[in-house]
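Geometric and topological summary
The lines below spell out each chain.
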Amino acid sequence: MEKTLGFSNFLTQVDPVGMSVLILLLALSVASWYLIVTKSIGNMIASRRAKAFLKHFWHIDSIPQLKTEIGAITDNHAFVQLAKTALATTANSHKHGLEKLATTGDTNELLTRSLRNSLDQEAARIEYGLTIIASAGSSAPYIGLFGTVWGIYHALIQIGVSGQGTLDKVAGPVGEALIMTALGLAVAIPAVLAYNAFIRRNRLWMAQLDDFAHDLYTIMTTGSKSGEEEHQKTVHKETAAASHHAPVSGAGVAAGVISGEGN
């Protein structure tokens, strides 16, 4: 009796519609789990590389040194791309002036557009695959429910044809039909949890990139040679007025890069 109520028996009795539902759920499960694993590994590697890069970045003393260091970096994560974009945009603006349509406006406006475009491209990149995960999480329960309804419909037809509605006749077909609901939930729950986790991670990632882009904008727009001496005077005055034991702030670190001591 147990063999007739197993999952293998359910597979042998399922019709083409039910088999299509099973195949669709299986495809959603494989796709969502593939994206969950690959994106989790990719996010972990990107976060580790970004942390190491930022630690190294804030130890750079000047913009010329920054150009040299950036050129030697082989990693291709978003923070490196932002730094390369800022350096390339500033260099091209000084080289071509306003001769090109892409450099219309002053250097600050061009740098703002370039950094914003890089941020938009990164936002689009990290959202890759989230649509499939969200679709699996939202649609899998309904697909499973459709399979359940279809299975119960055929079970009721068989009961009506046989004329026997006893529990031993109903339990098997209905229980096997409910497998569809269980499969739908098994596909949907991991997808929903992963989607929420990725959305939170992407939000934090973009906030960090936006802060870094703001720092790059400040460094590139105030780190020119013409304002170096005046900036050094301002830094010396602030240093003399402040306590020698004051904690080092992010602005102070940025000032070291802006000053361009390596020139």
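Below is a short write-up of the structure. From a predicted model like this one, the values you see are computed outputs, not experimental measurements.

1. Some details on the pattern of salt bridges
Two side chains that carry opposite charge are able to pair once their charged atoms sit near each other. Following the criterion strictly, the structure yields two salt bridges and no others. For the salt bridge of Asp210 with Arg116, the shortest nitrogen-to-oxygen distance reads 3.4 Å. One end of the pair, Asp210, is in helix H7 (residues 167–222); the other, Arg116, is in helix H5 (residues 107–126), with 94 residues separating them in the sequence. Of the charged contacts in the structure, one is a salt bridge between Arg125 and Glu122, with a shortest N-O distance of 2.7 Å. In this pair, Arg125 and Glu122 both sit in helix H5, three residues apart, roughly one turn of the helix. Taking relative accessible area as the criterion, Arg125 reaches 49% and is therefore assigned partly exposed.

2. Describing the packing of aromatic side chains
This structure, assessed with the given rule, holds eight aromatic pairs. Members of the aromatic cluster, connected to one another through ring pairs, are Phe53, Phe57, Trp58, Phe79, Trp205 and Phe212. The ring of Phe198 carries the charged tip of Lys39 above its face, separated from the ring centre by 5.7 Å. Directly above the aromatic system of Trp205 lies the positively charged group of Arg201, at a separation of 4.4 Å from the ring centroid.

Reading the values: the criteria
- Residues numbered from 1 in each chain as written.
- Predicted model: local features only at pLDDT ≥ 70, side-chain atom pairs only at ≥ 80, totals over all residues.
- Heavy atoms only, no water.
- Salt bridge = Lys/Arg side-chain N within 4 Å of Asp/Glu carboxyl O.
- Helix = DSSP H or I, 4+ residues; strand = E, 2+ residues; numbered from the N terminus.
- Buried < 20%, exposed > 50% of the residue type's maximum accessible area, 1.4 Å probe, protein only.
- Phe/Tyr/Trp six-rings, centres within 6.5 Å; stacked < 30°, edge-to-face > 60°.
- Lys NZ or Arg CZ within 6 Å of the ring centre and 35° of its normal.

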